Amino acid sequence: MFILLNEVKRQIPSITAVSSGAIASDYQRLRVESVCSRLGLVSLAYLWKQDQSLLLQEMITNGILAITVKVAAIGLDPAKHLGKEIAFLTAHLHKLKELYGINVCGEGGEYETLTLDCPLFVNARIVLDEFQTVLHSPGSIASVGVIHPLAFHLENKDTVISLSDNDKASDSSLEKKGSVFVVQGDFPQRSQATWQSNSETTNSVEVRDDRIYISKTKKDNIFSICCWLQDSCKTSAGSHEDLAVVLKHIESQLAGYGFGWEHVLYIHLYIADMNEFATVNETYVRFITQEKCPFGVPSRSTIELPLLQVSLGRAYIEVLVANDNSKNVLHVQSISSWAPSCIGPYSQATLHKEILHMAGQLGLDPPTMMLCNGGPSAELEQALGNSEAVANVFNCSVSTSAIVFTMYCSAHTPPPERLKIQEKQDSFLKQMRLLQLDKGSKCKILDPIFLYVLVPDLPKRAFVEVKPILFVPEDAETAVTSVQNPSCFTVANRWGFQHAQWHDSCIQKCVVSGKICAIILSITENVVVKICSESLGVNDEDVDHQTSVSKGHMERVLRFCVYLLDKVIMENGFSWEDTMTLRTYFPTASGIPLETLSLAFKNAMNELAEMDQRVQVGKEPIYNIVPVLAAGSSAASMNNIITCELFARKF
């Protein structure tokens, strides 16, 4: 196929894409995608993941006359079913689907067909005059038989096909349908084609250690590494240069653990300017390639952050790493009607140890890869629909299996539209849950937590991007229960904090007993006032709101965050050692210097370690500090001063 398509591309330069009929066969789709990738062609697979019953009926309705030339499945008898039209066999095929679960379109090799006539055959149809039936594997259960054509002729179509006005509008170039390009020449047995490799050397990237900052969680079997640059705006040529430095440093960090890019499950790509996305992507693919990731390329989300306002450079990377290669990666590069394609070294989703890490999903219409019309709410509905299509591949649903939903909202989204976004999200998930119940799903329904983050921009100037994390148990019958009551373990009071009812209002959590603990901690201005009033021993109204996030107050606030996170993870049977990721979002408009925030968090963790021997602090901090425009637990009120997102996992 590679040799042929390379010659086609040489002789017909206008060819830019290849269409295949893959419906459910990863084997076929992956090979077509591989050839297209090497030749710089786009893979089109518009039948991919479509409902086979509807697809079969659509083919029959549209005048495709096909006969079976091979049968190889239980319930298909060569003596009865070979040479029969698909329209004749439809009812029988659906009966076999109910009895034995066969693919009615033959995607499992149940049968093969020969098309004798279809709308593309403008001048004539094929008539099979004589054929021979050959039994390859005779048997009483699933005999395998094939037809060998011996003689055939073409029968001219008597009348010109008459098109209705609607047909003419949708197909005005009927004559072009009959065009056939003949590729001349004998093809060489070995391809002489050359193409630019994405694996070009990256050794030329210089890494200045004095500008590089890194964080790493302490978990050994699965952990996150975050890397960014300090004050690069004065020396950097752009985001692509900063990204090259950061990726090179992460690559060296991975090598230090004996790992490579193939061990990476997920990548958060934060950049300072979405206008540089194209050049950033070119740099990205120099490092993360399919050749380096034989078990599948990492999933990815990309957003613009106000990095330069806090001197974090132009590129900021966070990677989630596993010490094994047991991941299951879904990477569909073909454009289809199923879900948006990932043309390049990043995948739709990665399943690892029952956790499904899904790439950020935009409101793209899959067949056109264009943002859908209708504004933010329409984009969100499409993005959630795309997420559901990806989840279905792993036999789960975002409405029942989601642990965390992160909703990135672009600053281009008008404030009134943000409330509609949340309403659309709630109604979509409710409808999907009802649909799952109607299907008789036995999945236990998780109660997910939500985080809304306002950012300067998103890819393709989208209004919203959805990033879900799902729990997909290996055993479908495994009980999935969220812990409602804290365990008997009592957390000691820290820094004088004592439990109060209002503390609970700061916390969202989703806990799968003994496996997962996801927490979102929201610190609003009102909460800051309460924290500071307790420490000062005064009433809330006596605290100056304008000075509630001063350096001294911020230290107190970060101690409270560490105290409350510690309390929640300990009460639910987890520890800091189980932490996979810990992000701290802060709005740049708050005026909090990054150094103040980082130092306060570091001091709080060190003090906790001194108070509790079970807590250990390593050389690098375990938290990632992420500057945003705003964040909150509601799309309508993203007004948190500090937001902490913690994900802990037991194995």
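The structure presented is a predicted model; accordingly, all values stated were derived computationally and were not measured.

**What about helix 5 (residues 86-100)?**
Maximum bend of helix 5: about 30°, positioned at histidine 92. For helix 5, every residue scored as buried is listed here: Ile86, Leu89, Thr90, Leu93 and Leu96. In the core, the buried residues of helix 5 are packed alongside helix 3 (52-61), strand 3 (65-71), helix 4 (78-81) and strand 4 (111-117).

**Points about the pairing of strand 23 (residues 579-587)**
Within strand 23, 9 of the 9 residues are buried, which leaves the element mostly enclosed by the surrounding structure. Sheet topology note: the strand 23/strand 26 (residues 640-649) ladder contains 6 bridges and is antiparallel. Bridge assignment links leucine 582 to a residue of strand 26, and that residue is leucine 646. Both strand 23 and strand 24 (residues 624-628) contribute to a ladder of 5 bridges, which runs parallel. Within strand 24, the position partnered with threonine 584 by the bridge is isoleucine 625. Considered for its hand, the β-α-β crossover made up of strand 23, helix 16 (residues 594-611) and strand 24 is right-handed.

**A few points about the packing of aromatic side chains**
Centre-to-centre distance and the angle between the planes together describe a pair of aromatic rings. Taken as a whole and assessed by the stated rule, the structure comprises 13 aromatic pairs. Ring geometry for tyrosine 284 and tyrosine 346: centres 6.5 Å apart, planes at 70°, overall edge-to-face. Here tyrosine 284 is found in helix 9 (residues 277-287), whereas its partner tyrosine 346 is found in the loop between strand 12 (328-330) and strand 13 (349-352), with 62 residues between them in sequence. Note on tyrosine 346: relative accessible area 16%, which makes it buried. Between the aromatic rings of phenylalanine 497 and phenylalanine 560, the centroid separation amounts to 5.3 Å while the plane-to-plane angle is 70°, which identifies the pairing as edge-to-face. With phenylalanine 497 in the loop between strand 20 (464-471) and helix 13 (501-504) and phenylalanine 560 in helix 15 (residues 551-571), this pair connects stretches of sequence that are 63 residues apart. Each member of the pair phenylalanine 497 and phenylalanine 560 is classed as buried.

**With respect to empty space enclosed by the protein**
According to the stated counting rule, one finds 1 cavity of 30 Å³ or more in the structure shown. Space inside the largest cavity adds up to approximately 150 Å³. Those elements giving two or more residues to the lining of the largest cavity turn out to be strand 9 (264-271), strand 11 (315-322), strand 14 (355-358), strand 20 and strand 23.

**Remarks on the sheet that holds strand 21 (residues 507-512)**
Within a sheet, neighbouring strands are paired by backbone hydrogen bonds and run either parallel or antiparallel to one another. One open sheet holds the 5 strands; their spatial order is 21-22-26-23-24, and the pairing between them is mixed. Strands at the two margins of the open sheet, each flanked by one partner only, are strand 21 and strand 24. On average, each strand axis in the sheet is tilted by 10° relative to the strand beside it, whichever way the strands run. Strands strand 23, strand 24 and strand 26 of the sheet are contacted by helix 16, whose axis makes an angle of about 145° with strand 23.

**Digging into the sheet that holds strand 11**
In space, the 5 strands of this open sheet follow the order 7-8-11-9-10, with mixed pairing throughout. A strand with exactly one partner marks an edge of an open sheet, and here the two such strands are strand 7 (212-216) and strand 10 (299-304). The mean angle between the axes of side-by-side strands here comes to 15°, regardless of whether they run parallel or antiparallel. Examined bridge by bridge, strand 9 and strand 10 share 6 bridges and lie parallel to one another. Each bridged residue has a counterpart across the sheet, and for isoleucine 267 the counterpart in strand 10 is arginine 300. In the packing of helix 8 (residues 239-256) onto the sheet, contacts are made with strand 7, strand 8 (222-229), strand 9 and strand 11, and the angle to strand 11 comes to roughly 25°. Helix 9 rests against strand 9 and strand 10 of the sheet, and its axis sits at about 150° to strand 9.

Cut-off values and rules
- Residues numbered from 1 in each chain as written.
- Predicted model: local features only at pLDDT ≥ 70, side-chain atom pairs only at ≥ 80, totals over all residues.
- Heavy atoms only, no water.
- Bend = angle between axes of the 7 residues up to and from the residue.
- Helix = DSSP H or I, 4+ residues; strand = E, 2+ residues; numbered from the N terminus.
- Buried < 20%, exposed > 50% of the residue type's maximum accessible area, 1.4 Å probe, protein only.
- Contact = heavy atoms within 4.5 Å.
- Pairing = 2+ DSSP bridges.
- Right-handed = clockwise from strand over helix to strand, strands pointing away.
- Phe/Tyr/Trp six-rings, centres within 6.5 Å; stacked < 30°, edge-to-face > 60°.
- 1 Å grid on protein atoms, 1.4 Å probe; cavity = no way out; pocket = protein on both sides within 12 Å on 5 of 7 lines; lining within 4 Å.
- Points joined across faces, edges and corners; volume = space filled by probe spheres on them.
- Axes fitted to C-alpha atoms, helices over the stretch in contact; angles between N-to-C directions.

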